[in-house]
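Here is how the chains run, residue by residue.
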Amino acid sequence: VMLVESGGGLVQPGGSLRLSCAASGFIFSYYPMSWYRQAPGKERELVARITSTGGSTNYVESVKGRFTISRDNDKNTVYLQMNSLKPEDTAVYYCNGGGYYSRFWGQGTQVTVSS
């Protein structure tokens with residue numbers, strides 16, 4: 001199982017980034033997928049989740065209306081579109097699979113929101 005996150009970087013407050021996570025080693029279309037983040041000195045938190053078909057999504061309150069999770073089951077990839085970024089969004093972002101595959105993590109991608 002491999003999860004490879006990409007798309008992070010340094011962005012000014014109010015800016016946007018689109019994260020991608022390429023998954024392999026399991027039947028991607030069978031499982032829900034999630035994005036988590038971990039800021040320095042804080043616990044990892046669930047940011048967004050999408051069902052296996054993409055028909056339903058959930059978000060932590062702090063990102064509702066700003067972030068959008070989506071997936072392409074043909075490409076085995078899950079995305080996180082992040083708009084109106086704030087300094088408090090600064091963290092390492094990780095994607096994660098559901099069920100048995102929730103035990104696997106990628107290396108994450110750093111998002112830094114700063115002027």
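Engineer: Can you break down the environment of Y93 residue by residue, with the values?
Structural biologist: Within the secondary structure, Y93 sits in strand β9 (residues 91-97). Residues Y93 and G7, 86 residues apart in the sequence, show an inter-C-alpha distance of 9.9 Å. Apart from the residues within four sequence positions on either side, Y93 is in contact with E5, L19, W35, Y36, R37, V47, F67, L80, M82, G108, T109 and V111. A polar side-chain atom of Y93 sits 3.0 Å from a polar atom in the side chain of R37.

Engineer: Requested: an account of the sheet that holds strand β10 (residues 109-113), with residues and values cited.
Structural biologist: One open sheet accounts for six strands, arranged β2-β10-β9-β4-β5-β6; its pairing is mixed. Here the strands that pair on one side only, and so sit at the sheet edges, are β2 (9-11) and β6 (57-59). Across the sheet, the axes of successive neighbouring strands diverge by a mean angle of 25°, strand direction being ignored. Two elements, strand β4 (residues 33-38) and β9, share six bridges in a ladder whose sense is antiparallel. If you follow Q38 over to β9, its bridge partner there is V92.

The rules behind each value
- Residues numbered from 1 in each chain as written.
- Predicted model: local features only at pLDDT ≥ 70, side-chain atom pairs only at ≥ 80, totals over all residues.
- Heavy atoms only, no water.
- Helix = DSSP H or I, 4+ residues; strand = E, 2+ residues; numbered from the N terminus.
- Contact = heavy atoms within 4.5 Å.
- Polar contact = N/O pair within 3.5 Å; in protein donor to acceptor, adjacent residues only side chain to side chain.
- Pairing = 2+ DSSP bridges.
- Axes fitted to C-alpha atoms, helices over the stretch in contact; angles between N-to-C directions.

By themselves, these figures tell us nothing about what the structure is for.
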